[in-house]
Amino acid sequence: MRKTQTWQRQDPSIHPELKSWLYASGSLTRQLTELAGGVFWVQPLKEYFQRLNFNDSQWMKMPYRHTSWVRDCYLYGSDEQPWVKARSIFPILSLQGRARLFQHIGSKPIGWYLFQRTEPVCERRVIWLEDGWTRQSCYTWHGCKFIVQETFLPAFEQFLNTQTQQTHG
């Protein structure tokens, strides 16, 4: 994955283990599956149409307030609590050609399709949102632009902390 832009709020409260996840390249689906010993699943929460906000439209170079299809879901690993809250934002202009499949994937992970035999161009920014540290990725995949936002939830940080404690002693 080519990273062409990164922004980070300077805050020492990012756990070093979490920081590596925020900036990791490649498929988060694959990485979470490996971390959880092969366990991974997606719980779709809501799919809906929404107009792009100004920042997202600028980032994707799409018309401001252009209609987009949005998918909100939780990503689970080996815990009962979700590890990641994900939001995918697909401008209608991007839901053409191969990207049409994203509107109909149900509980399948987007990463499974996105990284299958391809390395999409990605611009990344890391920000703090109400639910936690979030990485926003603007992908260009087969000529289509869209945003995947992944917020790492407290259960994931607790899992990382437990793993770190077990590894170091």
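The protein is annotated in an unreviewed UniProt entry as Probable chorismate pyruvate-lyase from Acinetobacter chinensis. Its UniProt record, at the heading Catalytic activity (unreviewed entry), says of the protein: "chorismate = 4-hydroxybenzoate + pyruvate". Database annotation for the protein, UniProt heading Sequence similarities (unreviewed entry): "Belongs to the UbiC family."

Enquirer: Help me get a handle on the pairing of strand β5 (residues 132-141), residues and values and all.
Expert: By the criterion of burial, β5 is predominantly enclosed, with nine of the 10 residues buried. Pairing geometry for strand β4 (residues 121-129) and β5, over nine bridges, is antiparallel. Across the sheet, Cys 122 pairs through a bridge with Tyr 139, a residue of β5. Counting the residues that bridge the hairpin from β4 to β5 gives two residues. Sheet analysis places β5 next to strand β6 (residues 144-152), joined by eight bridges and oriented antiparallel. By the bridge assignment, Cys 138 is partnered in β6 with Ile 147.

Enquirer: Residue-level account of the sheet that holds β5, with values.
Expert: Reading across the sheet, the six strands line up as β1-β2-β3-β6-β5-β4 and stay open at both edges, with antiparallel pairing between neighbours. Strands at the two margins of the open sheet, each flanked by one partner only, are β1 (41-51) and β4. Shown here is a sheet whose adjacent strand axes are inclined to one another by a mean of 20°, direction ignored.

Enquirer: I'd like a rundown of the side chain of Lys 145, residues and numbers included.
Expert: Note that Lys 145 resides in strand β6. This buried residue, Lys 145, is left without a salt bridge; Glu 123 holds the nearest opposite charge, at 4.2 Å. Those residues in contact with Lys 145 that sit more than four places away from it in its chain are Met 60, Met 62, Pro 91, Ser 94, Glu 123, Cys 138, Tyr 139 and Thr 140.

Enquirer: Describe the confidence of the model for the protein, listing the residues and the values that go with them.
Expert: Put simply, the protein has an average pLDDT of 87, and 92% of its residues get 70 or more. Counting contacts from residues 1-10, a segment whose pLDDT is below 50, to residues more than four positions away or on other chains yields 34 contacts.

Enquirer: Just give me the short version of unusual backbone geometry, but keep the residues and values in it.
Expert: One non-glycine residue with positive phi stands out, namely Arg 65, at about 70°. Its location among the elements puts Arg 65 in the loop between α3 (54-60) and β2 (67-76). A relative accessible area of 44% means that Arg 65 is categorised as partly exposed. Its identity as a non-glycine residue notwithstanding, His 142 has a phi of 50°, on the positive side. When you line up the elements, His 142 lands in the loop between β5 and β6.

About the criteria used
- Residues numbered from 1 in each chain as written.
- Predicted model: local features only at pLDDT ≥ 70, side-chain atom pairs only at ≥ 80, totals over all residues.
- Heavy atoms only, no water.
- UniProt positions renumbered as here; feature names shortened; annotations may be inferred.
- Buried < 20%, exposed > 50% of the residue type's maximum accessible area, 1.4 Å probe, protein only.
- Helix = DSSP H or I, 4+ residues; strand = E, 2+ residues; numbered from the N terminus.
- Pairing = 2+ DSSP bridges.
- Axes fitted to C-alpha atoms, helices over the stretch in contact; angles between N-to-C directions.
- Lys, Arg positive; Asp, Glu negative; His and termini not counted.
- Salt bridge = Lys/Arg side-chain N within 4 Å of Asp/Glu carboxyl O.
- Contact = heavy atoms within 4.5 Å.
- pLDDT = per-residue confidence, 0-100.

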